[in-house]
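As a plain string of letters, each chain reads:
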Amino acid sequence: MGGVVFKAACPDCRACFELAAQALRLAIGGSRRTTFYSFTCPDCGAAVRKPAGERIVELLTGGGVRTLRLHSSVQSPVGTG
């Protein structure tokens, strides 16, 4: 069985292509605004960043895309004694 490929498109040059899981990166943040996937367009070389909803996150993680979990800016309270 071959490797998983994902269909993608570049918003700059409008090229459509397939990318292997290794060509994509997924960043999961604490909100929709901070959850996205990124790749480099193989045609024009543009760095592309697109939002990733729950279904996209599920598909990309299931397909073996490297995932980075972004930390929250909220800090835990520190006890004083």
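Residues numbered from 1 in each chain as written. Predicted model: local features only at pLDDT ≥ 70, side-chain atom pairs only at ≥ 80, totals over all residues. Heavy atoms only, no water.

Turning to the sheet that holds strand β5 (residues 47-51), a few remarks are in order. Spatially, the four strands line up as an open sheet ordered β5-β4-β3-β6, and their pairing is mixed. What marks the edges here is a single partner per strand, and that holds for β5 and β6 (66-69). Taking the axes of each pair of neighbouring strands and ignoring which way they run, one obtains an average angle of 20° across the sheet. Here strand β4 (residues 36-40) pairs with β5 via five bridges, running antiparallel. Its bridge partner being in β5, Ser-38 is matched across the sheet by Arg-49. On top of the sheet, helix α1 (residues 54-62) reaches β3 (25-28), β4 and β6; it is set at about 130° to β3, its chief contact. (Pairing = 2+ DSSP bridges. Helix = DSSP H or I, 4+ residues; strand = E, 2+ residues; numbered from the N terminus. Axes fitted to C-alpha atoms, helices over the stretch in contact; angles between N-to-C directions. Contact = heavy atoms within 4.5 Å.)

So, about the pattern of salt bridges. Here the structure, examined in full by the defined rule, presents one salt bridge. Residue Glu-58 pairs with Arg-55 through a salt bridge whose shortest N-O separation is 2.6 Å. Placement of the pair is Glu-58 and Arg-55 together in helix α1, with a separation of three residues, close to one helical turn. (Salt bridge = Lys/Arg side-chain N within 4 Å of Asp/Glu carboxyl O.)

Before going further, it helps to spend a moment on the pairing of β3. Pairing geometry for β3 and β4, over three bridges, is antiparallel. Across the sheet, residue Leu-26 finds its bridge partner in β4, namely Tyr-37. Here β3 runs beside β6; their pairing, made up of four bridges, is parallel. Counterpart to Ile-28 in the pairing with β6 is Arg-69.

In total, this model carries zero disulfides according to the counting rule given. Lacking any disulfide linkage, Cys-10 is separated from the closest cysteine sulfur, that of Cys-44, by 3.8 Å. (Disulfide = S-S within 2.5 Å.)

The next subject is the nonpolar core. Of all hydrophobic cores here, the largest spans 19 residues; its most connected members are Phe-17, Leu-24, Leu-26, Tyr-37, Phe-39, Leu-60 and Val-65. Sequence-distant contacts of Phe-17, defined by excluding residues within four places in its chain, comprise Phe-6, Lys-7, Ala-8, Ala-9, Cys-10, Phe-39, Cys-41 and Pro-42. (Core = buried A, V, L, I, M, F, W, Y, C linked by side-chain atoms within 4.5 Å. Buried < 20%, exposed > 50% of the residue type's maximum accessible area, 1.4 Å probe, protein only.)

So, about the environment of Leu-60. By the secondary structure assignment, Leu-60 is in helix α1. The class for Leu-60 is buried, based on a relative accessible area of 5%. Each C-alpha atom of the pair Leu-60 and Ala-21 lies 7.6 Å from the other, and the pair is 39 residues apart in sequence. With residues up to four places along the chain from it excluded, the contact list for Leu-60 reads Phe-6, Leu-24, Leu-26, Tyr-37 and Val-65.

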